[in-house]
Amino acid sequence: MAGDQLHQLRLHEARRLLESHELSARDLTEACLARLDSVEPYVKAMISVCAEEALQQASAADRMRAAGKAKPLTGIPFIAKDLLCTRGVRTTCGSRMLENFVPPHNATVIDRLLEQGSVLIGKTNMDEFAMGSSTEHSAFYPSCNPWNLDCVPGGSSGGSAAGLAAGEALFALGTDTGGSIRQPASFCGVVGMKPTYGRVSRYGAVAFASSLDQIGPLTRDIQDCAVVMNVIAGQCEKDSTSAPIEVPDYTAFLGRGVQGLRIGVPQEYFVEGLQPDVRRTIEDAIHELENMGATIRRDISLPSTKYALAAYYIIAPSEASANLARFDGVRYGFSRQLATTEESVLATRGEGFGAEVKRRIMLGTHALSSGYYDAYYVKALKVRHIIREEFRQAFEQCDLLAMPTSPTVAFPIGSKIHDLMQMYLSDILTIPANIAGIPALSLPCGFAHGLPVGLQLMASSFREDLLLQVGHAFQQASEWHLKQPLL
Ligand code: GLN
């Protein structure tokens, strides 16, 4: 393969070449950095690039291999959302508040990848504190969709999806509180998985809504997703919500087909506002799964889905208002010092946070305030309980659920920024999985209006294996995951 095409490799292809010594980690890293140099001015996926450190890590990876100590991800370049703490590398959360914050420690997922000898190329752009669906709420600049630079890459992990689709690395990490891995994966034509709540340690991920947040991979195909999950999943003593449940070898489920599996297609996910061409693409994908031997069940119903978005916009801001209270100018990041403590805190938070973050803090503070707590927060928790219960019942009748990831393809930059309801509706199909804590996957399944469409699969808790099994079967019968944007 020509040196100027190395950045297009899928992770498992690169791994084969590294293992057979046809390629060095150094060459692969240089190829990604060269690609980044040429496309970054258009895509703007990154907040920080660590070229020098990456080259050092690549050389260390080559030495690790020479010493016979290589692991599955040794020498593979990746990019990470800028809310995952990286020791010595600025971690901004897309916010002025943390513009110059350099963490003293790594997130567990970063540690696990670096221990494997993976190479960190840089930190990706995102909506401030992960609040948004387009990266337009980044305090720095919006990222652009590599398939059409006038469109958003989705969000909040938009930089991770855009950078991966543009060839700046071989895989990416994102976080998903209401859809922030799956929606950008769908918009940029890559695979994105939100694991079960508790499957991946959240230690070192700056918290947005602690009962909903999960870290997960964005990759070029399903095999790659399985390989990254093998490394990042599993209990961690620094996150008490990480589950003491054994991690299977996810690659062992690839190639098993869909024969005998029951796939539910809940009509509640074919919502008003679903673009007709997106619907057609998803229906085609579901027919494909049926042709391959899956049983399609259209009688599965999740009637409370329509309340998920409303419940999310109470629960997530409430938790955010508590989590973000720590940014007071005393311990972390941006700080204004005025005559009194109160004035200082007000000025720090007033200047350090952007408009969307302030809106969420106000919403959350209001929902938690005395007199409103029962009417809003407690009620939202009750809705959450009902939604969970409906999923539990659905998974007694079928093994997985299939639906669109997003009601639309990527939208033009600027088109929803002044219509927040439209922006929030972008996640209407992804939020229920966070509310229920279950795993969900988005994978490329076609194009509409010249832009990628993602098929979403959901399974019951800790059944990531089923998502990968079915995703892989679909991928083997299609070529959508091989398409790359012309940049
Ligand atoms: N777009 C949703 C929000 O703005 C979800 C964000 C996320 O998953 N981090 O809250």
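Going by the structure above, here's the rest.
This text gives an overview of the structure that appears in the document. (Residues numbered from 1 in each chain as written. Predicted model: local features only at pLDDT ≥ 70, side-chain atom pairs only at ≥ 80, totals over all residues. Heavy atoms only, no water.)

What about the overall build of the chain?
Rule in force here: Working definition: helices are DSSP H or I runs of at least four residues, strands are E runs of at least two. Numbering for both runs from the N terminus. Computation of the radius of gyration draws on C-alpha atoms alone. For the globule rule, the value is 2.2 Å times the number of residues to the power 0.38. Burial status follows relative accessibility: with a 1.4 Å probe on protein chains alone, a residue under 20% of its type maximum counts as buried, one over 50% as exposed, and anything between as partly exposed. What makes two residues a contact is simply this: any of their non-hydrogen atoms within 4.5 Å. Note on areas: Shrake-Rupley, 1.4 Å probe, and residue coverage restricted to the protein chains presented here. For the purpose of charge, His is not counted, nor are the chain termini; Lys and Arg are scored as positive and Asp and Glu as negative. All charge positions are set by atom: Lys at NZ, Arg at CZ, Asp at CG, Glu at CD.
Helix and strand content of the chain: 15 helices and 11 strands. Here the chain has a C-alpha radius of gyration of 21 Å; the compact-globule value for 487 residues is 23 Å, and the two agree. Taken along the three principal axes of its C-alpha coordinates, the chain extends 65 × 55 × 45 Å. Across the 487 residues in the chain, those meeting the buried criterion constitute 62%. In the chain, once contacts between residues fewer than 6 apart in sequence are set aside, the share between residues at least 24 apart is 77%. When the accessible surface of the chain is summed, it comes to about 17800 Å², and 51% of that surface belongs to carbon and sulfur atoms. For the chain, the distance from the average position of its 44 positive side-chain charges to the average position of its 52 negative side-chain charges is 3 Å.

A word on unusual backbone geometry
Between Gly 155 and Ser 156 the backbone carries a cis peptide bond, its omega angle lying at 10°. Here Ser 156 shows up in the loop between strand E3 (119-124) and helix H5 (158-166). The phi angle at Ala 130 is positive, at roughly 70°, despite the residue not being glycine. Secondary-structure assignment places Ala 130 in the loop between E3 and H5. Its identity as a non-glycine residue notwithstanding, Phe 462 has a phi of 65°, on the positive side.

Focus: the sheet that holds strand E6 (residues 214-219)
Here is the rule we go by: Strands qualify as paired when DSSP identifies two bridges or more between them. Every angle, taken between N-to-C directions, lies between 0 and 180 degrees, and every axis is a line fitted to C-alpha atoms, over only the stretch in contact when it is a helix.
The strand order across the open sheet built from 11 strands is E1-E3-E2-E4-E6-E5-E10-E11-E9-E7-E8, with neighbouring strands paired in mixed fashion. The open sheet has two edge strands with one neighbour each: strand E1 (46-49) and strand E8 (295-297). Between one strand axis and the next, the sheet turns through 30° on average, direction left out of account. As paired elements, strand E10 (residues 440-448) and strand E11 (residues 451-459) share 8 bridges and run antiparallel to each other.

Side note on the nonpolar core
For clarity, the threshold we go by: Throughout, nonpolar core names a set of buried Ala, Val, Leu, Ile, Met, Phe, Trp, Tyr and Cys residues whose side chains join them through atoms within 4.5 Å.
Counting 157 residues, the largest nonpolar core has Phe 129, Phe 391 and Met 458 as its most contacted members. The contact partners of Phe 391, leaving out residues within four places of it in the chain, are Tyr 269, Leu 302, Leu 401, Pro 432, Ala 436, Ile 438 and Met 458.

Remarks on the packing of helix H9 (residues 308-323) against helix H11 (residues 355-368)
Two packed helices can be described by the angle between their axes and the distance between those axes. Rules: For classification purposes, an angle smaller than 35 degrees is called roughly parallel, one larger than 145 roughly antiparallel, one from 65 to 115 roughly perpendicular, and anything else oblique. Ten residue types, Ala, Val, Leu, Ile, Met, Phe, Trp, Tyr, Cys and Pro, are classed as nonpolar, four, Asp, Glu, Lys and Arg, as charged, and the remainder, Gly among them, as polar.
In the contact formed by H9 and H11, the axes pass within 7 Å of each other and the chain directions differ by 100°. Relative to H11, H9 is oriented roughly perpendicular. Here Tyr 313, Ile 314, Pro 317, Ser 318 and Ser 321 of H9 come into contact with H11, specifically with Arg 360, Ile 361, Leu 363, Gly 364, Thr 365, Ala 367 and Leu 368. Looking at the contact of H9 with H11 residue by residue, the classes come out as 7 nonpolar, 4 polar and 1 charged.

Some remarks on the environment of Ala 34
Mapped onto the elements of the fold, Ala 34 is located in helix H2 (residues 25-43). For Ala 34, a relative accessible area of 47% corresponds to the partly exposed category. Each C-alpha atom of the pair Ala 34 and Gln 456 lies 33 Å from the other, and the pair is 422 residues apart in sequence.

Comments concerning the site of the ligand
The condition that has to hold: Proximity is defined per residue: any heavy atom of the residue falling within 4 Å of a molecule or strand makes that residue near it. Definition of a polar contact: a pair of N or O atoms within 3.5 Å, with one able to donate and the other able to accept a hydrogen when the atoms are protein atoms, and with sequence-neighbouring residues admitted only if both atoms are side-chain atoms.
Residues in contact with the ligand amount to 15 residues; listed here are only the nearest, Gly 178, Ser 180, Tyr 312, Arg 360 and Asp 427. Take Ser 133: an N or O atom from its side chain is 2.9 Å from a nitrogen atom of the ligand. Protein chains shield 100% of the accessible area of the ligand, which is 300 Å² for the free molecule. When grouped by side-chain class, the residues that make up the shell around the ligand number 5 nonpolar, 7 polar and 3 charged.

Let's talk about the packing of aromatic side chains
Convention followed: Ring pairs shown here join Phe, Tyr and Trp side chains whose ring centres sit within 6.5 Å, with only the six-membered ring taken for Trp; geometry is labelled stacked below 30 degrees between planes, edge-to-face above 60, and tilted in between. Whether a charge lies above a ring is judged from NZ of Lys or CZ of Arg, which has to be within 6 Å of the ring centre and within 35 degrees of the ring normal.
Per the counting criterion, the structure on display carries 14 aromatic pairs. Residues Phe 78 and Phe 171 carry aromatic rings whose centres are separated by 5.2 Å and whose planes lie at 10° to one another, so their mutual orientation is stacked. Highlighted residues: Phe 78 in strand E2 (residues 77-81) and Phe 171 in strand E4 (residues 171-176), separated in sequence by 93 residues. For Phe 78, a relative accessible area of 0% translates into the label buried. The class for Phe 171 is buried, based on a relative accessible area of 0%. Each residue in the set Phe 101, Phe 129, Phe 327, Tyr 332 and Phe 353 is aromatic and connected to the rest through ring pairs, giving one cluster. Between Lys 416 and the ring centre of Phe 411, over which it is positioned, the NZ or CZ distance is 4.3 Å.

Focus: H5
The element H5 is extensively covered by neighbouring structure, given that 9 of its 9 residues are classed as buried. Buried within H5 we find Gly 158, Gly 159, Ser 160, Ala 161, Ala 162, Gly 163, Leu 164, Ala 165 and Ala 166. Buried-residue contacts for H5 involve H2, E2, E3, E4, helix H6 (182-188) and E6. With its phi angle positive at about 90°, Gly 167 sits one or two positions after the end of H5.

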